[in-house]
Amino acid sequence: METTLQEKIKEVMQQPNVSGVVCADMSGLCLGHKGDGSEKLAGPIAAMCEEANKLPTSQELPVIVVEAYGSNTEAKTLLIKQSDKVCTGIIKDV
Amino acid sequence: MGCCESCMGKNDDEPNERTSLLGPSGNAIPVNSADPISTPYDYDPTPVGSIAHSKLDEQSMFNGIITQYNNEIIDITSMDTKIDAVEYMNRVQLYNRKVASLTSGSRYKQKHLHSSGNNPTNVLKCPSVPVDDLILITEVADEIRKAMNDFKVEKQQELVLSLARR
């Protein structure tokens, strides 16, 4: 029953500049990951979604962007968004 | 076949299963002579197993506990420890210096988040998140949410079984 999810993750990985994908539920359980998206990111992205939802924004759930610039690593961007009870994180090369 | 220690002439001074708990006179005796709580009291004509007798036992125990704590308690409110204002300020400065010397170590220094400092315009001039990325993450999150609908518990057999009658 996870084949559909795995296929979706593979499709996302084929997008340009996408280096990793992580999916988690609101409890921090990793539902799927690929590439640079480690399963250890499941907990933190779920926690960030929970905190971001407390912001007094519009009705739509906010998108969280984490930008990382390191001297030893390339610049990367982590995009996180919650949809219903699933948190999705996409790692892109800047 | 083994031996019975009670028949081996043990020291009668040590308490055993035949030792009377009440003593020969019917009064309660302390099991541990070093126990300060239990104190012997005068012979009481009331029956041993009566409610009044047990209440007197409790009362004597409570009195012993109160006496013990009265001897051990140190009442700091009655202490006469007034200090001058000058001495008080000196102590405040001394303690602050000691605290500062302890917390100035390197392990107490925490990394701070990057701040804009006095130039917030530099932060505001940074390029914002591309709209394409926002659309991408929104669509992907929606598609994955739909893919999660395939996750379900498949029914293999009845969860509630009926026990066969004998």
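Structure: see above.
Residues numbered from 1 in each chain as written. Chains lettered and ligands numbered in written order. Predicted model: local features only at pLDDT ≥ 70, side-chain atom pairs only at ≥ 80, totals over all residues. Heavy atoms only, no water.

1. Description of the interface of chain B and chain A
Counting from both sides, the interface comprises 17 residues of chain B and, opposite them, 22 residues of chain A. Taken together, both faces of the contact between chain B and chain A bury some 1900 Å²; the carbon and sulfur share is 78%. When the buried area of chain B at its contact with chain A is split by residue, B:Ile137, B:Ile144 and B:Phe151 rank highest and sum to 29% of it. Here chain B is connected to chain A by one salt bridge. Linking A:Lys92 and B:Asp133 is a salt bridge whose minimum nitrogen-to-oxygen distance equals 2.6 Å. In this assembly, chain B and chain A are joined by three residue pairs in polar contact (both at pLDDT 80 or more). When its residues are assigned to classes, the side of chain B that touches chain A shows ten nonpolar, one polar and six charged. (Contact = heavy atoms within 4.5 Å. Buried area = accessible area lost by both parts, 1.4 Å probe. Salt bridge = Lys/Arg side-chain N within 4 Å of Asp/Glu carboxyl O. Polar contact = N/O pair within 3.5 Å; in protein donor to acceptor, adjacent residues only side chain to side chain. Nonpolar A, V, L, I, M, F, W, Y, C, P; charged D, E, K, R; others polar.)

2. Some remarks on the environment of A:Gln15
Residues and elements named next belong to chain A. Relative to the helices and strands, Gln15 resides in the loop between helix H1 (3-13) and strand E1 (18-25). Judged by relative accessible area, Gln15 falls into the partly exposed class, the value being 37%. A C-alpha to C-alpha distance of 9.5 Å links Gln15 and Lys92, two positions 77 residues apart in sequence. (Helix = DSSP H or I, 4+ residues; strand = E, 2+ residues; numbered from the N terminus. Buried < 20%, exposed > 50% of the residue type's maximum accessible area, 1.4 Å probe, protein only.)

3. What about the pairing of strand E2 (residues 30-35) of chain A?
Residues and elements named next belong to chain A. Relative to E2, E1 is paired through five bridges, and the arrangement is antiparallel. Directly across from Ala24, in E2, lies its bridge partner Cys30. The turn joining E1 and E2, which pair antiparallel and follow one another in sequence, is formed by four residues; a positive phi near 90 degrees is taken by Gly28. (Pairing = 2+ DSSP bridges.)

4. A few points about H1(A)
Those residues of H1(A) lying buried are A:Leu5, A:Ile9 and A:Val12. Viewed end-on, H1(A) has its buried residues packed into an arc of 60 degrees, placing them on one side of the element. Summarising the contacts, the buried residues of H1(A) are in contact with E1, E2 and strand E5 (86-93) of chain A together with helix H4 (131-147) of chain B. (Arc of directions from axis to C-beta.)

5. A few points about a nonpolar patch on the surface
All names here are of chain B. Together, Ile83, Tyr88 and Met89 line one region of the surface with nonpolar side chains, adding up to about 300 Å² of accessible area. You can see Tyr88 is positioned in helix H2 (residues 85-103). Note on Tyr88: relative accessible area 49%, which makes it partly exposed. (Patch = residues over 30% accessible without salt bridge, like charges linked within 9 Å, V, L, I, M, F, W, Y side chains within 5 Å. Areas by Shrake-Rupley, 256 points an atom, 1.4 Å probe, with all protein chains shown as cover.)

6. Re the pattern of salt bridges
Residues and elements named next belong to chain A. Per the stated rule, a full pass over the model turns up eight salt bridges over all chains. Here Lys54 ties to Glu51 by a salt bridge, and the two come within 3.3 Å at their closest N and O atoms. With its nearest N and O atoms 3.8 Å apart, the salt bridge here joins Glu60 to Lys81. Here Glu60 is found in the loop between helix H2 (42-52) and strand E3 (63-68), whereas its partner Lys81 is found in strand E4 (residues 76-83), with 21 residues between them in sequence. The network of salt bridges with shared partners includes Asp36, Lys76 and Asp93.

7. Re the packing of H1(A) against H4(B)
Two elements in contact, H1(A) and H4(B), have axes separated by 9 Å at closest approach and are oriented at 165 degrees. Classed by the angle they form, the pair H1(A) and H4(B) counts as roughly antiparallel. Along this stretch, H1(A) crosses H4(B), giving a crossing that reads as right-handed. Two secondary-structure elements touch here, H1(A) through A:Thr4, A:Leu5, A:Lys8 and A:Val12 and H4(B) through B:Val140, B:Glu143, B:Ile144 and B:Ala147. The residue makeup of the contact of H1(A) with H4(B), split by class, is five nonpolar, one polar and two charged. (Axes fitted to C-alpha atoms, helices over the stretch in contact; angles between N-to-C directions. Parallel < 35°, antiparallel > 145°, perpendicular 65-115°, else oblique. Left-handed = near helix turned anticlockwise from the far one by under 90°.)

8. Thoughts on the sheet that holds E5(A)
Residues and elements named next belong to chain A. Read across the sheet, five strands follow the order E2-E1-E5-E4-E3 without closing on themselves; strand pairing throughout is antiparallel. The open sheet has two edge strands with one neighbour each: E2 and E3. Neighbour to neighbour, the strand axes of the sheet diverge by 15 degrees on average, direction disregarded. With seven bridges connecting them, E1 and E5 associate as antiparallel partners. Residue pairing for E5: Asp25 is matched across the bridge by Val86. Along the sheet, H2 makes contact with E1, E2, E3, E4 and E5, crossing E4 at roughly 60 degrees.

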